[in-house]
Amino acid sequence: MHEMALMGDILNLVGTDARKNNIKKVKKVNLIVGDLSNALPDALELAFDVYKRQNIDFLDIHSELIIQKEAAKAVCTICGTEYIPEQKIAVCPMCHIPTGKLISGETFKVDSYEGD
Ligand SMILES: [Zn+2]
């Protein structure tokens, strides 16, 4: 499950930033996960839960992970149709060729976090 590694990276980022800002406990991590980001929200929740129980100094059992999903959207570079692509190679439903340019859905990032 590569979400374990992804979550590890996220917690490294958050932890480094929290230390810099003198935040001792992170209470909430707000994450944006695109539908095409290759990360499964359920698995991320699970990974967060595992890390939470591993005595990481800035997390405790009450720390929360909030996942905001970002829908996939593409626009055809030829006819301009906007549509929901099934995958990263977006095939325009009008032109039937992969002319789509993804405009959202690939995001995977920490939006913000809260703590004190
Ligand atoms: Zn098109």
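Everything here concerns the structure above.
This report concerns the structure included in the present document. This is a predicted model, so every value here is computed, not measured.

**Some details on the sheet that holds strand 5 (residues 100-104)**
Turning to step 1, where the next piece is worked out: In space, the three strands of this open sheet follow the order 4-3-5, with antiparallel pairing throughout. What marks the edges here is a single partner per strand, and that holds for strand 4 (82-83) and strand 5.
Turning to step 2, where the next piece is worked out: Judged from the two bridges that link them, strand 3 (residues 73-76) and strand 4 form a sheet pairing that is antiparallel. By the bridge assignment for strand 4, alanine 74 is matched with tyrosine 83.

**As for the side chain of serine 63**
Turning to step 1, where the next piece is worked out: Considering the arrangement of structural elements, one finds serine 63 in the loop between helix 2 (41-52) and strand 2 (64-70).
Turning to step 2, where the next piece is worked out: Given a relative accessible area of 2%, serine 63 falls into the buried group.
Turning to step 3, where the next piece is worked out: One polar contact links the side chain of serine 63 to the main-chain carbonyl oxygen of valine 26, over a distance of 2.8 Å.
Turning to step 4, where the next piece is worked out: Setting aside chain neighbours within four positions, we find serine 63 in contact with Val26, Lys27, Phe48 and Lys52.

**Quick word on the nonpolar core**
In globular proteins that are soluble, nonpolar side chains generally tend to be buried together.
Turning to step 1, where the next piece is worked out: One finds Met7, Val26, Val29, Leu31, Leu44 and Leu65 to be the most contacted residues of the largest nonpolar core, which totals 19 residues.
Turning to step 2, where the next piece is worked out: The element contributing the most residues to this core is helix 1 (residues 3-20), with five residues.
Turning to step 3, where the next piece is worked out: Ignoring sequence-local partners within four residues, the contact set of leucine 65 consists of Met7, Val29, Leu31, Leu44, Glu45 and Phe48.
Turning to step 4, where the next piece is worked out: Counting residues in hydrophobic clusters, the runner-up holds eight residues, among them Ala72, Tyr83, Cys92 and Leu102.

**Structural notes on the coordination of the zinc ion**
Note on metal geometry: ideal angles are 109.5 degrees for four donors arranged tetrahedrally and 90 or 180 degrees for six donors arranged octahedrally.
Turning to step 1, where the next piece is worked out: With distances of 2.3 to 2.4 Å, the protein atoms coordinating the zinc ion are Cys76 (SG), Cys79 (SG), Cys92 (SG) and Cys95 (SG).
Turning to step 2, where the next piece is worked out: One can describe the donor arrangement at the zinc ion as tetrahedral, given that its four donor atoms subtend angles of 105 to 115° at the metal.
Turning to step 3, where the next piece is worked out: Spacing between the donor residues of the zinc ion along their common chain follows C-x2-C-x12-C-x2-C.

**A few points about the sheet that holds strand 2**
Turning to step 1, where the next piece is worked out: Spatially, the three strands line up as an open sheet ordered 2-1-6, and their pairing is mixed. This sheet does not close on itself; its edge strands, each paired only once, are strand 2 and strand 6 (108-115). Ignoring which end each strand starts from, the neighbouring axes of this sheet average 20° apart.
Turning to step 2, where the next piece is worked out: Examined bridge by bridge, strand 1 (residues 26-34) and strand 6 share seven bridges and lie antiparallel to one another. Of the residues in strand 6, the one forming a bridge with leucine 31 is valine 110.
Turning to step 3, where the next piece is worked out: Of the strands in this sheet, strand 1, strand 2 and strand 6 are in contact with helix 1, which crosses strand 6 at around 45°.
Turning to step 4, where the next piece is worked out: Contacting strand 1, strand 2 and strand 6, helix 2 runs over the sheet at an angle of about 165° to strand 2.

So, how was this worked out
- Residues numbered from 1 in each chain as written.
- Predicted model: local features only at pLDDT ≥ 70, side-chain atom pairs only at ≥ 80, totals over all residues.
- Heavy atoms only, no water.
- Pairing = 2+ DSSP bridges.
- Helix = DSSP H or I, 4+ residues; strand = E, 2+ residues; numbered from the N terminus.
- Buried < 20%, exposed > 50% of the residue type's maximum accessible area, 1.4 Å probe, protein only.
- Polar contact = N/O pair within 3.5 Å; in protein donor to acceptor, adjacent residues only side chain to side chain.
- Contact = heavy atoms within 4.5 Å.
- Core = buried A, V, L, I, M, F, W, Y, C linked by side-chain atoms within 4.5 Å.
- Donors = N, O, S within 2.8 Å, 3.2 Å for Na, K, Ca; no water.
- Tetrahedral: all angles 85-135°; square planar, octahedral: opposite > 155°, others 65-115°.
- Axes fitted to C-alpha atoms, helices over the stretch in contact; angles between N-to-C directions.

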